[in-house]
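# Close look at the chain arrangement
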2 protein chains.
Amino acid sequence: MKAYIGLDIGGTKILGALFNEYGEILNRVKKKTKSSRGTEVVLEQIYKVIDELMEYENLELLGIGAGCPGFIKDYKVVVFSPNIPFKDFDLGGIIKNKYNVPFVLGNDVNVAMFGEWKSTGFTSVSDVLSIFVGTGIGGGIIIDGKIYVGQGGAGEIGHMIVNPNGIICGCGSHGCLEAYSSKTGIRKTIVAGIRKGRKTVLKKYIEEDGDVIKSSSLRKAYEEGDEFAVEVMEGVAYYLGIGISNLINILHPEMIILGGGVMESLGDDLLPIIIKEANKYVMHGMMENVKFQLSKLSDDAGIVGSYYLISSVVDI
Amino acid sequence: MKAYIGLDIGGTKILGALFNEYGEILNRVKKKTKSSRGTEVVLEQIYKVIDELMEYENLELLGIGAGCPGFIKDYKVVVFSPNIPFKDFDLGGIIKNKYNVPFVLGNDVNVAMFGEWKSTGFTSVSDVLSIFVGTGIGGGIIIDGKIYVGQGGAGEIGHMIVNPNGIICGCGSHGCLEAYSSKTGIRKTIVAGIRKGRKTVLKKYIEEDGDVIKSSSLRKAYEEGDEFAVEVMEGVAYYLGIGISNLINILHPEMIILGGGVMESLGDDLLPIIIKEANKYVMHGMMENVKFQLSKLSDDAGIVGSYYLISSVVDI
């Protein structure tokens, strides 16, 4: 049985899946990353995931693909990672050496978005932008069917300045897109509004949810027409619209894929407003043929992207 | 004598040059475009430039490259042009048919910037961004050594929103980079300042220059330490810095080339402030290896870019 392994190495867990040559998932394994216990332990956890997946009858492993947070070089070296203890670490060399199969590594957001793109089925579309709106905002750029990283850091679209006199961002800068439209940004806006005494059903929902702000509660409040919730949603879409208009003016892609927790929960409501806002700022005629897609793979995006990455390098 | 022709088809004039196989200019021809007289007349003017350049002893013409303002498709068709009467016009097909040599056409800014990049001599650098600050602000993106246009319109970086609550731009939008840092934007800022009664030597210079605002006068005032001139220059650099930081965060290129009339006159003073401003907004570590270059070719950028474009397609 010819197969590939796709890995999604995260700060808290490692997801792995075995794919047949048609991209169907044959088996899944999940392990804790154990990041706090250092390089060697994390590496052991990765081996465990791979080893368990390889316990498959008549397996002929053709290659392993993986995504990992941080700055990845040459599709194999983790230069640094924000939440995994790898630094200038040649993960590719080590895995290749141990398992003797081709290995390809990419940045986790890039890899996930590569998976989302491949899964749209629009194979003729080869210039694609993807925007991941979660706790932070990241992005992936696909040019001519390949992940584009420039010198390694390309796609940091969450730190595009959308309001130079704006609020402070976690990165230390001012008015970044992420400061407004990420989960973190949304939470801050809601907390600040409630503190200021805005009347909103969100206050009740947050208390019911046990003092957390759930996307589903924001959606419910928005769909009920709660004035403050509408304002929050419009703010999120306004800044995403500006960011996306900049990206279209700069890159004029064929397709934009929106994913991440915020888009998964609120995308159906947000997307029409985002498109309306972006349209105000995009150069005349440039938005007409840009396709917008909401992501579909959710937590599987990383493993699926890793599969597509390795299988596009290793042909059967 | 093996040679190429490079053309720069502008709204008012057509520049052409004959290049030998080493990229040296053997001859130049300049004609009026006569845009107001319609498609056929402009085409005749292009023929005249080519024909005069071909009057060279023992010429073996290997190909013709050209740049033209507007939206260019498939390296041959002018879909539309803001100031040349070509619309869905297969210039490539016509030229190829008449002269029976390979022909390549690109957007004028893209082609000029391709020339600037090739002329830097940094041949190992293949992901390059170029920013043209003139009457408007345009840009060119080179990825993997090739001009990137996306669906055709990529590089409209002058219409990136750098201040969503900002002043109106000629494109109808608000707070575009072009509204602040182009020659048009600078002129507006100076006129508004003087009208408001700002004390500045610029007022005297403008009167001396015959009621025009020259870049050289702005430079003189800035270098003399004129308070308002310093403010104007810092404003220009501030918004260019924001725009460039966005571009680095998005594309992480190896090199950024700054050209156009404003950079040619004021670049030596502006560039250090632009870099300082951009540095405030770029993600940590991403700016270190980005090379900044001022353009060098001035009015020759178009013909030189056209030469590089056609000679990279047609190998001797």
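We now turn to the structure provided with this report. (Residues numbered from 1 in each chain as written. Chains lettered and ligands numbered in written order. Predicted model: local features only at pLDDT ≥ 70, side-chain atom pairs only at ≥ 80, totals over all residues. Heavy atoms only, no water.)

## Some points on the overall build of chain A
Threshold: By definition, any uninterrupted DSSP run of H or I lasting at least four residues is a helix, any uninterrupted run of E lasting at least two residues is a strand, and each is numbered from the N terminus. All radius of gyration figures rest on C-alpha atoms, and the globule criterion is 2.2 Å times the number of residues raised to 0.38. Exposure is judged per residue with a 1.4 Å probe applied to protein chains only, and the accessible area is read against the type maximum: over 50% gives exposed, under 20% gives buried, and values in between give partly exposed. It only takes one pair of heavy atoms within 4.5 Å for two residues to be counted as in contact. To be clear on the numbers: accessible area is Shrake-Rupley with a 1.4 Å probe, and residue cover counts the displayed protein chains and nothing else. Here Asp and Glu are counted as negative and Lys and Arg as positive; His is not counted, and neither are the chain ends. A single reference atom marks each charge: NZ on Lys, CZ on Arg, CG on Asp, CD on Glu.
A count of helical and extended segments in chain A gives 10 helices and 13 strands. For 316 residues, the compact-globule estimate of 2.2 N^0.38 gives 20 Å, and the C-alpha radius of gyration of chain A, at 20 Å, lies within 12% of that figure. Along the first, second and third principal axes, the C-alpha atoms of chain A reach 60 × 45 × 35 Å. Within chain A, buried positions represent 56% of all 316 residues. Pairs at least 24 residues apart make up 63% of the contacts formed inside chain A by residues separated by at least 6 positions. When the accessible surface of chain A is summed, it comes to about 13,500 Å², and 47% of that surface belongs to carbon and sulfur atoms. Of the side chains in chain A, 32 bear a positive and 38 a negative charge, and the two mean positions are spaced by 5 Å.

## Focus on the pairing of strand β12 (residues 255-259) of chain B
Residues and elements named next belong to chain B. Inclusion rule: Pairs of strands are assigned from DSSP output, requiring at least two bridges between the strands.
Of all 5 residues in β12, 5 are buried; the element is thus mostly enclosed. Burial along β12 is two-sided: M255, I257 and G259 and I256 and L258, pointing in opposite directions, are all buried. Relative to β12, strand β9 (residues 128-133) runs parallel, the two sharing 5 bridges. What sits directly across from F132, in β12, is G259. Sheet topology note: the β12/strand β13 (residues 291-294) ladder contains 4 bridges and is parallel. Across the sheet, the residue bridging to I256 is F292, located in β13.

## Quick word on the interface of chain B and chain A
Frequently, the measure chosen for interface size is the accessible area that the parts lose on association. Note the following rule: Here the quantity called buried area is the accessible surface, traced with a 1.4 Å probe, that two parts lose on coming together, added over both. Any Lys or Arg side-chain nitrogen located within 4 Å of an Asp or Glu carboxyl oxygen qualifies as a salt bridge. Each polar contact in these results corresponds to two N or O atoms within 3.5 Å; when the atoms are within protein, one needs to be able to donate a hydrogen and the other to accept it, and residues that are neighboring in sequence are counted only if both atoms are side-chain atoms. Three classes are used, and their members are as follows: Ala, Val, Leu, Ile, Met, Phe, Trp, Tyr, Cys and Pro are nonpolar, Asp, Glu, Lys and Arg are charged, and the others, Gly among them, are polar.
Residue-level contacts link 40 residues of chain B with 40 residues of chain A. Buried surface at the junction of chain B and chain A, both sides included, amounts to about 3,200 Å², of which 60% is carbon and sulfur. Seen at the junction of chain B and chain A, the total is 0 salt bridges. For the pair chain B and chain A, the interface holds 20 residue pairs in polar contact (both at pLDDT 80 or more). Among the secondary structure elements, those contributing two or more residues to the side of chain B that touches chain A are β10 (137-143), α8 (227-251) and α9 (261-281) of chain B. The element that contributes the greatest number of residues to the side of chain B that touches chain A is α8 of chain B, accounting for 8 residues. Residue classes in the side of chain B that touches chain A are distributed as 21 nonpolar, 15 polar and 4 charged.

## Structural notes on helix α1 (residues 39-54) of chain A
All names here are of chain A. Short version of the rule: Multiplying one less than the number of residues by 1.5 Å gives the expected span of a helix.
The end-to-end C-alpha distance of α1, which contains 16 residues, comes to 23 Å, matching closely the 22 Å that a straight helix rising 1.5 Å per residue would cover. Within the sequence span of α1, burial applies to V42, L43, Q45, I46, Y47, V49, I50 and L53. Here the buried face of α1 lies against β1 (2-9), β2 (13-20), β3 (25-32), β4 (60-68), β7 (87-89) and α2 (91-99).

## A look at the packing of helix α5 (residues 183-195) of chain B against α8 of chain B
To characterise two packed helices, one gives the angle between the axes of the helices and the distance between these axes. Residues and elements named next belong to chain B. Formally: Note on definitions: angles span 0 to 180 degrees between N-to-C directions of axes, and those axes are lines fitted to C-alpha atoms, for helices only across the stretch in contact. The handedness criterion is simple: a crossing whose near helix is rotated anticlockwise from the far helix by less than a right angle is left-handed, and one whose near helix is rotated clockwise is right-handed.
Remark: α5 packs on α8, axes separated minimally by 11 Å, with the N-to-C direction vectors making an angle of 145°. Judged by the twist between their axes, the crossing of α5 over α8 is right-handed. On the side of α5, the interface is formed by I186, T189, I190 and G193, while α8 contributes F228, V232 and V236. Split into classes, the residues belonging to the contact of α5 with α8 amount to 5 nonpolar, 2 polar and no charged.

## Thoughts on a positive patch on the surface
Here is the rule: Like-charged residues within 9 Å of one another, or nonpolar side chains (Val, Leu, Ile, Met, Phe, Trp, Tyr) within 5 Å, are grouped into patches, provided each residue has over 30% relative accessible area and no salt bridge.
A contiguous patch of positive charge, built from K32, K34, R37 and K48 of chain A, is present on the exposed surface. The residue R37 of chain A is located in the loop between β3 and α1 in this model.

## As for the pattern of salt bridges
Residues and elements named next belong to chain A. Using the criterion set out here, one finds 12 salt bridges over all chains in the structure. Between E277 and K280 there is a salt bridge whose closest N-O contact spans 3.3 Å. With E277 and K280 both in helix α9 (residues 261-281), this residue pair falls 3 residues apart, about one helical turn. Taken together, the shared-partner salt bridges in this structure form one network comprising R198, E227 and E231.

Geometric descriptors of this kind do not, in isolation, establish any biological role.
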